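What follows is each chain in one-letter form.
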Amino acid sequence: MTGMFNRYYILIRYVVLVFMMVLLYPPVLSQQQQYITGSVVDSMTQAGLPFVNIIYNSDGQGVVADLEGNFRILRTSRIEFLEFRYMGYGRKIIPVEELGDGNDIRAELGRISYDIDEVAIYPSENPAHRIIRLASENRLNNHPEKTGPFSYVSYEKVIFTIVRDSAGIDDHDGTTDTTENLPDSIRFGRNMESTIDVERFLEKQHLFLMESISSRKFLSPDKDKEEIIASRISGISQPAFAILDRQLQSFSFYDNLITIANRQYVNPISSGSTDRYFFLIEDTLFTEMLDTVFIISFRPQPDRNFDGMEGILYINSNGYALQNVIATGYGQSNEFFDISIQQEYNLVDGTRWFPASLSTIIRLNNAQFPGQPGPMELIGMGKSSFTNVNFLPVIDADDFNEVGIEVNPDAHRQPEELWNIYRVDSLNAKELETYRVIDSIGRAQNIDRTILSLETLLTGYLPGRYINLDIMKFIDYNKFEGFRFGLGGKTTRDVSEIFVWDGYLAYSLRDKAFKYGAGMTVNILPERELGIRVSYMQDVNESGGIQYKDIWNMTGSAFFRNYMVEVMDITSEAEISLGFRAFRFLTGDLYLKRSSMIPSNEYRYVVSELNPGISLTRFDYTEAGFHLRYAYNETFMKTPRGNKFSMGTKYPVLYLNLARGLAAMGGGYSYYRTEIKVTRTFETRLAGKTRVVLEAGMVTRDVPYSKLYAGPGSYRKFAVETEASFGTMRFNEFLSDRFISFFLKHDFGNLLFRPSGKFRPEIVAVHNLGFGTLKNIAGHENIAFNTLEKGFFEAGLLINNLLRIQIFRYGLGVFYRYGPYAFSKTIDNFAFKLTLQLNI
């Protein structure tokens, strides 16, 4: 009995052991029993090659390697050999008898160069065009954001390092990647020297490493929400920095225009692309499901001038969907930085093609590092991998608001167990050392404080412990005040999260006067931007000007006009207002204010034509009204500290002001004053970027100059170009109680001139017009003005990007005034402009 029991015990233990192996190690068993696995690498750099074609039988069946060069082939497939084919590399064939057990096969491909003396001439149509047209016709069927709702979890890793002669980029899988493995569009020479310290540093760790895990929900057509649930950044414990790497490239390759680093390129599979791009079928293979994958290279036609890309498309005959993409901006080598992108798609559940991974490689051109001889190459590499893809997610419309991306306040405190779930690969030794070394440097240099300061600075303030200082209050300038120096700020959350006190004091040199103001805001519901504010100020305002409710923005050119204003009103004003956000995209404030205005010139207002001897030089107003701003589908990035930064909208933005002047509570005038403004910026494929601004206003009853409309003139013989203003209209040249203005600006980019080396001019056409009326002309004394009944017209031509210095681009332009209000002296109708843009 004992011997039999032992035999049964051994048999049961063996069955349990096998069962546990199957239960605990199914990936290993499945990998070993079902698939032949391996990787394809560069023979010199030993770095993985993405999207290599691997043919395994004479029928042309095969697979495509993934983004890291890894591949797997079902063992049940008819495998006769492994043939590896990749553009720019020599072919390699491994006979079936040399595959061994078929595990961890490593294929090394060597680079080859081509001497192309002539182009292929096809007897009829280019055979690639049929495939491209089919891919274009099926774009909406394969576009992940056009085929229904979805949700997913993404893991992203970003590495920045220096690439030099003997040091490479440590790839995500631990292999070494030097410049030889980078795409041709961002490869560079190897003639730079390096110090031993830098070499040793780069051998052990990278300059920067960041990881993040985020969840995203999408509901057609435009409801989108992403939350960064985990974040780890070398040298930084605060997670706010994780927001900054978003939107480097389009989520998918199916829109008419593809975004790469805030620049838009014509999609090679958009409608009519066969007339603009040259396509060449480089290779074909058949999948295990007997679908065909067409490998097609593309680049702009030599005689076509537009913002195009070059690269390779892998198009699967199953739905003629994109399976892989490698692309970079064509001819971008002279930009401030270069970016190359790679995208990989999977057929999820056999129903919908969906992005599996996105990769971005950034090269910062001519980066300078202190203490190093000459320029050094700074390279960034980022990869996003998508898992838990669900096409039937539980989504409620209430899950969405104006915040499109936000960071979980505890994102930097997530446990290692969560990271291990979503990391594609474990961190290698070099990446672990990066965290250890850079984290210690970050603590020593207090980088967290710098990041928090940067976040505050982006809101227009210089951060402090208890008071944030308003950077616009330190120094300012306009034609009336001259240089103005001051100090202003507001209290921080360390003082109170509910109450915010603010104030400023300034002194201007030309008018030799002090200005000051103070206020208090009570944040009732910060998430809805609901708050009450009371304030008082003694300052100056532009006479006849308009103020709209808008978000703080220093990237446009409109603010340059403030430096040129000539006529001001000396203003004392007390105000109480209620700010709010409603209906997701509407922001506004209701207000009641009492103000007194004294013109800074000799202007006098005649109270009544029946009493011409009675004129005033001080004007008291009591006014109630509101300012509204509606920006449909405008989304924001929200940091853990509650700061929000607009990501813009592709729809028009509407501004509306309504004021009711009250002849009560000390007010001397009864009137209605209404302004409306609509702005929109949009990009047209093969035509460029257009910005339109339509503005109108009306005042009922007779009011002094300060409540009329002086017109948005911005004339100087030579000045910085200011958008949405009349470049040839003198300040306070016209006066209206009703007006309408239209501003049109179209940027052709590189469409009219083919870039040549560093000379890359961009042509911009401008046309502006305005009309206006004024009923009571005689009531305004001691000031010269005209009226706009006949219409004001001007046209302009700007040539941007004539000179690039670091992050700025400079250009020149000219405006010409024509029509009924043109001057008799021709030269007086011209205004010359300097254009200034950020080179990003």
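This is a predicted model, so every value here is computed, not measured.

### Regarding the overall build of the protein
Reasoning step 1: Of the regular secondary structure elements, the protein holds 8 helices and 46 strands.
Reasoning step 2: A buried classification covers 49% of the 840 residues belonging to the protein.
Reasoning step 3: Intrachain contacts of the protein at a sequence separation of at least 6 include 63% that bridge at least 24 residues.
Reasoning step 4: Counting every atom, the protein has about 40200 Å² of accessible surface; 57% of that belongs to carbon and sulfur.

### Here we look at the packing of aromatic side chains
Reasoning step 1: Following the criterion strictly, the structure yields 44 aromatic pairs and no others.
Reasoning step 2: For the pair Tyr-152 and Phe-251, a centre-to-centre distance of 5.7 Å together with 10 degrees between the ring planes defines the contact as stacked. Within this pair, whereas Tyr-152 is found in strand 8 (residues 150–163), its partner Phe-251 is found in the loop between strand 12 (223–233) and strand 13 (257–260), the two being separated by 99 residues in sequence.
Reasoning step 3: A relative accessible area of 5% places Tyr-152 in the buried class.

### Looking at helix 8 (residues 447–457)
Reasoning step 1: Of all the positions in helix 8, only Asp-448, Ile-451, Glu-455 and Thr-456 are classed as buried. The arc that holds the buried residues of helix 8, viewed along the axis, is 140 degrees, so those residues lie on one side.

### Looking at the nonpolar core
One recurring pattern in soluble globular proteins is that nonpolar side chains are buried together.
Reasoning step 1: Of all hydrophobic cores here, the largest spans 33 residues; its most connected members are Phe-253, Ile-296, Met-309, Leu-313, Ile-315 and Leu-322.
Reasoning step 2: Each residue touching Leu-313, except ones within four places of it in the same chain, is listed here: Ile-132, Phe-253, Pro-268, Ile-269, Phe-294, Ile-295, Ile-296, Phe-298, Leu-322, Asn-324 and Val-325.
Reasoning step 3: Counting residues in hydrophobic clusters, the runner-up holds 31 residues, among them Phe-84, Ala-107, Ile-312 and Ile-326.

### Some remarks on the environment of Val-692
Reasoning step 1: Within the element layout of this structure, Val-692 appears in strand 39 (residues 688–699).
Reasoning step 2: On a C-alpha basis, the gap between Val-692 and Phe-742 in space is 7.4 Å, while along the polypeptide they are 50 residues apart.
Reasoning step 3: With near-sequence residues (within four places) excluded, Val-692 lies in contact with Val-678, Thr-679, Arg-680, Phe-742, Phe-743 and Leu-744.

### Some remarks on the pairing of strand 1 (residues 35–42)
Reasoning step 1: Counting buried positions along strand 1 gives 8 out of 8 residues, so the element sits mostly inside the fold.
Reasoning step 2: Sheet analysis places strand 1 next to strand 4 (residues 70–74), joined by 5 bridges and oriented antiparallel. In the sheet register, Ile-36 faces strand 4, and the bridge partner there is Ile-73.

### Some points on the pattern of salt bridges
Reasoning step 1: Under the definition given, this model contains 44 salt bridges.
Reasoning step 2: A salt bridge links Lys-217 to Asp-399, with the nearest nitrogen and oxygen atoms 3.7 Å apart. With Lys-217 in strand 11 (residues 208–219) and Asp-399 in the loop between strand 21 (376–390) and strand 22 (403–407), this residue pair connects regions lying 182 residues apart in the sequence.
Reasoning step 3: Residue class for Asp-399 comes out partly exposed when judged on its relative accessible area of 30%.
Reasoning step 4: One salt bridge connects Arg-528 with Glu-402, and the closest N-O pair in it is separated by 3.7 Å. Within this pair, whereas Arg-528 is found in the loop between strand 28 (513–525) and strand 29 (530–542), its partner Glu-402 is found in the loop between strand 21 and strand 22, the two being separated by 126 residues in sequence.
Reasoning step 5: Taken together, the salt bridges that share partners define one network made up of Glu-402, Arg-528, Glu-529, Arg-581 and Lys-644.

### Concerning unusual backbone geometry
Reasoning step 1: Omega for the bond connecting Ser-220 with Pro-221 falls within 30 degrees of zero, at 0 degrees, which places this linkage in the cis form.
Reasoning step 2: Of note in this structure, Asp-349 is not a glycine but carries a positive phi near 55 degrees.
Reasoning step 3: Tracing the backbone through its elements, the reader meets Asp-349 in the loop between strand 19 (337–348) and strand 20 (352–367).
Reasoning step 4: Asp-349 sits in the exposed class, given a relative accessible area of 67%.
Reasoning step 5: Despite not being glycine, Lys-512 has its phi angle at roughly 50 degrees, a positive value.
Reasoning step 6: As for its placement among the helices and strands, Lys-512 is situated in the loop between strand 27 (499–508) and strand 28.
Reasoning step 7: Judged by relative accessible area, Lys-512 falls into the exposed class, the value being 62%.

### Details of the sheet that holds strand 4
Reasoning step 1: Reading across from one edge, 4-1-7 is the order of the 3 strands in this open sheet, with mixed pairing throughout. One side of each edge strand has no neighbouring strand; the edge strands of this open sheet are strand 4 and strand 7 (105–109). Along the sheet, successive strands turn relative to each other by an average axial angle of 30 degrees, direction set aside.

### Observations regarding the sheet that holds strand 6 (residues 92–95)
Reasoning step 1: With antiparallel pairing, the 4 strands of this open sheet are ordered in space as 3-2-5-6. Each having just a single partner strand, strand 3 (62–64) and strand 6 make up the two edges of the open sheet. Direction aside, the axes of adjacent strands within the sheet are offset by 15 degrees on average.

### Focus on helix 3 (residues 127–137)
Reasoning step 1: Where helix 3 is concerned, the buried positions are Ala-128, His-129, Ile-131, Ile-132, Ala-135 and Ser-136. What you see down the axis of helix 3 is that its buried residues fit within an arc of 165 degrees, all on one side.
Reasoning step 2: Lining the buried residues of helix 3 we find helix 4 (139–142), strand 15 (277–286), strand 16 (292–300) and strand 17 (309–316).
Reasoning step 3: You can read the cap of helix 3 off the contacts: a side-chain oxygen lies 2.9 Å from the backbone nitrogen of Ala-128, and it is on Asn-126.

### Thoughts on the pairing of strand 12
Reasoning step 1: Strand direction decides the pairing type here: strand 11 and strand 12, joined by 10 bridges, are antiparallel. Bridge pairing in strand 12 links Leu-219 to Lys-223.
Reasoning step 2: Of the strand pairs in this sheet, strand 12 and strand 22 are connected by 3 bridges, and their pairing is parallel. Within the sheet, the bridge partner assigned to Glu-226 lies in strand 22 and is Ile-405.

### Digging into the side chain of Glu-83
Reasoning step 1: Within the fold, Glu-83 resides in strand 5 (residues 81–85).
Reasoning step 2: Polar side-chain contacts of Glu-83 include one of 3.2 Å to the side chain of Arg-91.
Reasoning step 3: Other than its neighbours up to four places away in sequence, Glu-83 contacts Asn-53, Ile-54, Ile-55, Arg-91, Lys-92 and Ile-93.

### Some thoughts on the environment of Lys-790
Reasoning step 1: Note that Lys-790 resides in the loop between strand 43 (780–781) and strand 44 (792–805).
Reasoning step 2: Taking the relative accessible area as the measure of exposure, Lys-790 reaches 58% and is therefore exposed.
Reasoning step 3: Along the backbone, Lys-790 and Gly-819 are 29 residues apart, and their C-alpha atoms lie at a distance of 8.6 Å.
Reasoning step 4: The residues touching Lys-790, leaving out its near neighbours within four places in the chain, are Phe-771, Pro-820 and Tyr-821.

### A look at the confidence of the model for the protein
Reasoning step 1: For the protein, the average pLDDT comes to 84, and 86% of its residues sit at 70 or higher.
Reasoning step 2: Every residue in residues 1–32 is under pLDDT 50, and counting partners more than four places away or in other chains gives 11 contacts.
Reasoning step 3: Of the regions scoring below 50 in pLDDT, residues 165–196 engages in 99 contacts with residues more than four places distant in sequence or in other chains.

### Focus: the environment of Phe-201
Reasoning step 1: Among the secondary structure elements, Phe-201 is positioned in helix 5 (residues 196–204).
Reasoning step 2: By relative accessible area, which is 26% here, Phe-201 ends up partly exposed.
Reasoning step 3: With 233 residues separating them along the chain, Phe-201 and Thr-434 place their C-alpha atoms 9.9 Å apart.
Reasoning step 4: Ignoring any residue separated from it by four or fewer positions in sequence, one finds Phe-201 in contact with His-206, Leu-207, Val-437 and Ile-438.

### As for the side chain of Ser-357
Reasoning step 1: Examined against the element boundaries, Ser-357 turns out to sit in strand 20.
Reasoning step 2: Apart from residues no more than four positions distant in its own chain, Ser-357 is found in contact with Leu-67, Gln-342, Gln-343, Glu-344, Lys-383, Ser-384, Ser-385 and Phe-386.

### A word on a nonpolar patch on the surface
Reasoning step 1: Side chains of Phe-718, Phe-759, Leu-802, Leu-803, Ile-805, Leu-812, Ile-827 and Phe-832 sit close together on the surface and give an oily, nonpolar patch of about 740 Å² of accessible area.
Reasoning step 2: At 3 residues, the largest contribution of residues to the nonpolar patch is made by strand 44.
Reasoning step 3: Along the chain, Phe-832 falls in strand 46 (residues 830–838).
Reasoning step 4: Classification of Phe-832 by relative accessible area gives partly exposed; the value is 34%.

So, how was this worked out
- Residue numbers run consecutively from 1 along every chain, following the written order of its sequence.
- It should be noted that, the model being predicted, local features are given only for residues of pLDDT at least 70 and side-chain atom pairs only at 80 or more, the latter also being counted only at that level, while totals for whole chains, interfaces and linings use all residues.
- Working from all heavy atoms in the structure, the side-chain values ignore hydrogens and water.
- Here a strand is any run of E in DSSP of at least two residues, a helix any run of H or I of at least four, and the numbering for each starts at the N terminus.
- Relative accessibility under 20% of the residue-type maximum defines a buried residue, over 50% an exposed one, and the middle range a partly exposed one, all with a 1.4 Å probe and only protein chains included.
- In what follows, a contact means two residues having at least one pair of non-hydrogen atoms within 4.5 Å.
- Accessibility throughout is a Shrake-Rupley quantity obtained with a 1.4 Å probe, and a residue counts as covered only by protein chains that appear here.
- Here a Phe, Tyr or Trp ring, Trp counted by its six-membered ring, pairs with any other such ring whose centre lies within 6.5 Å, and the pair is stacked when the planes are under 30 degrees apart, edge-to-face when over 60, and tilted otherwise.
- It is the directions from the helix axis to the C-beta atoms whose arc is reported.
- We define a nonpolar core as any set of buried Ala, Val, Leu, Ile, Met, Phe, Trp, Tyr and Cys residues linked to one another through side-chain atoms lying within 4.5 Å.
- One bridge is not enough; two strands pair if DSSP finds at least two bridges between them.
- Should a side-chain nitrogen of Lys or Arg be within 4 Å of a carboxyl oxygen of Asp or Glu, the pair is scored as a salt bridge.
- Here, axes are lines fitted to C-alpha atoms. For helices the fit covers the stretch in contact, and angles between N-to-C directions go from 0 to 180 degrees.
- N or O atoms within 3.5 Å of each other form a polar contact, as long as, within protein, one can give a hydrogen and the other can take it, and as long as residues adjacent in sequence are counted only when both atoms are side-chain atoms.
- As a per-residue quantity, pLDDT reports the predictor's confidence and falls between 0 and 100.
- Residues form patches when they are more than 30% accessible in relative terms and have no salt bridge. Like charges link within 9 Å. Nonpolar side chains (Val, Leu, Ile, Met, Phe, Trp, Tyr) link within 5 Å.

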